[in-house]
Amino acid sequence: ILDSYDYLLNKVIPNIVNSSFPIVIPIYNKDVNIKYIEINFTGFKYDKIKNIENNGVEKELTPYLCRIKNNSYFITILINITVKITKLENNLEITMPIKHINDIEIGKLPIIIGSDMCAIKEETTLPLNDKNYDIPGYCIINWKEKVIISQEKIANNIITNSYTHIRANKKA
């Protein structure tokens, strides 16, 4: 499950985000002289949540801290975009200066314990409570440990459907 999760973070999500751009929004309002707005994708990153103590000190959030402080252990998905506005004035298209917008949050994703994004895997100087030798493969949501259970049935080179299942039971 850890390899699948790391593949999801490193390949699948960036490909989904990248395939969604550019976004071109035509404006059909005659009262506004904007012809269209074009949004392009320029960057992608994950940002780990920080734990801010009462005295203002910022620390990396770990699974142990999530458990004792009733938090979720997740990462934030951030993208960078550029916005280009094209106006129509006197039947001429005029492109406004491109505006860069950085670190737009598009979602949050739970971190699976033991994955490449997990603090336990990266840090060797964590307190003993964080190195509790847990079995990796679960995530912490609302301070509760959640496990992903695959519901895929492995059937090598066999196509199954309800009709073949009924016929197989009638022969037996």
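Check the entry above for the structure.
Residues numbered from 1 in each chain as written. Predicted model: local features only at pLDDT ≥ 70, side-chain atom pairs only at ≥ 80, totals over all residues. Heavy atoms only, no water.

### Let's talk about the pairing of strand β2 (residues 34–48)
No. 1: Inspection of the sheet shows strand β1 (residues 23–26) paired to β2 by 4 bridges, in the antiparallel sense. The residue bridging Ile25 from the neighbouring strand is Ile37, located in β2.
No. 2: The pairing of β2 with strand β5 (residues 74–89) spans 13 bridges and is classified as antiparallel. Paired with Phe41 across the strands is Ile81, a residue of β5. (Pairing = 2+ DSSP bridges. Helix = DSSP H or I, 4+ residues; strand = E, 2+ residues; numbered from the N terminus.)

### A short note on the nonpolar core
No. 1: In terms of nonpolar packing, the biggest core is built from 27 residues, with Tyr5, Leu9, Ile13, Tyr46, Tyr73, Ile75 and Ile111 touching the most fellow members.
No. 2: Where this core is concerned, the elements lending two or more residues are α1 (2–19), β2, α2 (63–68), β5 and β8 (138–141).
No. 3: Setting aside residues up to four positions removed in sequence, Leu9 forms contacts with Pro14, Tyr46, Ile75, Leu109 and Met117. (Core = buried A, V, L, I, M, F, W, Y, C linked by side-chain atoms within 4.5 Å. Buried < 20%, exposed > 50% of the residue type's maximum accessible area, 1.4 Å probe, protein only. Contact = heavy atoms within 4.5 Å.)

### Observations regarding the side chain of Thr76
No. 1: The residue Thr76 is located in strand β5 in this model.
No. 2: Residue Thr76 is classed as buried on the basis of its relative accessible area of 6%.
No. 3: Each residue touching Thr76, except ones within four places of it in the same chain, is listed here: Lys45, Tyr46, Asp47, Ile49, Glu105, Gly107 and Lys108.

### Considerations on the environment of Ile101
No. 1: Summarising the element assignment, Ile101 is placed in strand β7 (residues 99–110).
No. 2: With 20 residues separating them along the chain, Ile101 and Ile81 place their C-alpha atoms 5.4 Å apart.
No. 3: Look past the residues within four positions of Ile101 in its chain and what remains in contact with it is Ile79, Asn80, Ile81 and Val83.

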